[in-house]
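Below are the chains, spelled out letter by letter.
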Amino acid sequence: MFIGKYNRSVILTYIGVAFAFSGMATAFGENSAAAMICLAIAGICDLFDGVIARRCKRDEAEKEFGVQIDSLADVIGFLALPAVLGLGLMDGAGYIKYPVILGYMLCGIIRLAWFNTSAAAEGTRTHYDGLPVTYSALIFPVLWTVLGFFGELKAAPWIWAAFYAVTAVMFIFNVKVPKPRGIWYGVFGALAVGVTVLILVRDIL
């Protein structure tokens, strides 16, 4: 009846998109703390959606759909959501925020397109070429937590601009980034959960 795939191999990807949308909605409502939590949770969904997908019995069409839907979800969760967040976080940096955010998004989609064109080889490699856009789900919430600890959340637009710019460059810089395997899934997952709890306790409750 409907086109697309809706089995458990992609359900976590769709949940991640739902959190990304919620993050953008809260960012537009100027609740950056809640948006950061949504970003971190979207990152957790992305971290484990591939693990779940590989444990499912899939035909070639389902595997290819999974690759494409994952990248499209990444555009929403780790480019669009951070872009909306960044516009607010860099509010005190003047017009510089616009080229920084534009550069962030352009570098991000270039990185994703590069990944898609080499997706067949990625499955057998131990590293990524360039920083995956999904790492923004860890970089920005961690920075938010660190700046909040020092009481600099509202006074650091230039720090945010610098981190967005460096992250953008790292998306397309030809550096080898190890792919998380084994225990690193637990490490990244625990770090994301820990940051989420800290933001929730300190900035929302």
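Quick caveat, the model's predicted, so the values are computed rather than measured. (Residues numbered from 1 in each chain as written. Predicted model: local features only at pLDDT ≥ 70, side-chain atom pairs only at ≥ 80, totals over all residues. Heavy atoms only, no water.)

(A) Quick look at the overall build of the protein. Summing up its helical and strand segments, the protein has eight helices and two strands in all. The order of helices and strands in the protein, counted from the N terminus, is α-α-α-α-α-β-α-α-β-α. What you see for the protein is a C-alpha radius of gyration of 17 Å, in line with the 17 Å of a compact globule of 205 residues. Taking the principal axes of the C-alpha coordinates as reference, the protein spans close to 50 × 40 × 35 Å. Every one of the 205 residues in the protein was classed for burial, and the buried ones make up 46%. In the protein, of all internal contacts separated by at least 6 residues, the share reaching a separation of at least 24 is 81%. As displayed, the protein has an accessible area near 10,900 Å², and 72% of this comes from carbon and sulfur atoms. Taken together, the 15 basic and 14 acidic charged side chains of the protein have centroids lying 7 Å from each other. (Helix = DSSP H or I, 4+ residues; strand = E, 2+ residues; numbered from the N terminus. Rg over C-alpha atoms; globule rule 2.2 N^0.38 Å. Buried < 20%, exposed > 50% of the residue type's maximum accessible area, 1.4 Å probe, protein only. Contact = heavy atoms within 4.5 Å. Areas by Shrake-Rupley, 256 points an atom, 1.4 Å probe, with all protein chains shown as cover. Lys, Arg positive; Asp, Glu negative; His and termini not counted. Charge placed at Lys NZ, Arg CZ, Asp CG, Glu CD.)

(B) Structural view of the layout of surface pockets. Approximately 1,300 Å³ is the volume attributed to the largest pocket. Of all the elements in the fold, those that place two or more residues in the lining of the largest pocket are α1 (8-28), α2 (32-54), α3 (60-89), α4 (97-117), α5 (119-122), α6 (136-149) and α8 (183-204). If one sorts the elements of the lining of the largest pocket by residue count, α2 sits on top with ten residues. Grouping the constituent residues of the lining of the largest pocket by class yields 22 nonpolar, nine polar and 13 charged. (1 Å grid on protein atoms, 1.4 Å probe; cavity = no way out; pocket = protein on both sides within 12 Å on 5 of 7 lines; lining within 4 Å. Points joined across faces, edges and corners; volume = space filled by probe spheres on them. Nonpolar A, V, L, I, M, F, W, Y, C, P; charged D, E, K, R; others polar.)

(C) Expanded view of the pattern of salt bridges. Evaluation of the coordinates by the stated rule reveals three salt bridges. The partner of Lys 97 in a salt bridge is Asp 91, and the shortest N-O contact between them spans 3.2 Å. (Salt bridge = Lys/Arg side-chain N within 4 Å of Asp/Glu carboxyl O.)

(D) Representation of the nonpolar core in the model. Core analysis: the biggest nonpolar cluster contains 43 residues, and Met 36, Leu 39, Leu 85, Met 90, Trp 160 and Tyr 164 have the highest contact counts within it. Residue assignment for this core shows that the elements contributing at least two residues are α1, α2, α3, α4, α6, α7 (157-172) and α8. Counting residues per element, this core draws most heavily on α3, which supplies eight residues. In this structure, Tyr 164 is in contact with Pro 82, Leu 85, Gly 86, Leu 89, Met 90, Val 100, Ile 101, Tyr 104 and Phe 140, ignoring residues within four places of it in sequence. (Core = buried A, V, L, I, M, F, W, Y, C linked by side-chain atoms within 4.5 Å.)

(E) Up close: α3. Here α3 spans 42 Å end to end across 30 residues, near enough to the 44 Å set by a 1.5 Å rise per residue. Maximum bend of α3: about 30°, positioned at Asp 74. The backbone nitrogen of Ala 61 has a side-chain oxygen 3.2 Å away, supplied by the residue at the start of α3, namely Asp 59. (Expected span 1.5 Å × (residues − 1). Bend = angle between axes of the 7 residues up to and from the residue. Polar contact = N/O pair within 3.5 Å; in protein donor to acceptor, adjacent residues only side chain to side chain.)

(F) Up close: the packing of α2 against α6. Running from N to C, α2 and α6 point in directions that differ by 145°, and their axes come no closer than 8 Å. Like other packed secondary-structure pairs, α2 and α6 cross with a definite hand, here left-handed. Counting all contacts with α2, which are made through Ser 32, Ala 33, Met 36, Leu 39, Ala 40 and Gly 43, the residues of α6 involved are Ser 136, Ala 137, Phe 140, Pro 141 and Trp 144. Partitioned by chemical class, the residues of the contact of α2 with α6 number eight nonpolar, three polar and no charged. (Axes fitted to C-alpha atoms, helices over the stretch in contact; angles between N-to-C directions. Left-handed = near helix turned anticlockwise from the far one by under 90°.)

(G) Examining the environment of Val 17 more closely. On the secondary structure map, Val 17 appears in helix α1. On the basis of relative accessible area, Val 17 is assigned to the partly exposed category, the value being 24%. Distance from Val 17 to Ile 76, taken between C-alpha atoms, is 6.8 Å for residues 59 residues apart in sequence. Excluding residues within four positions of it along the chain, Val 17 makes contact with Ala 73 and Ile 76.

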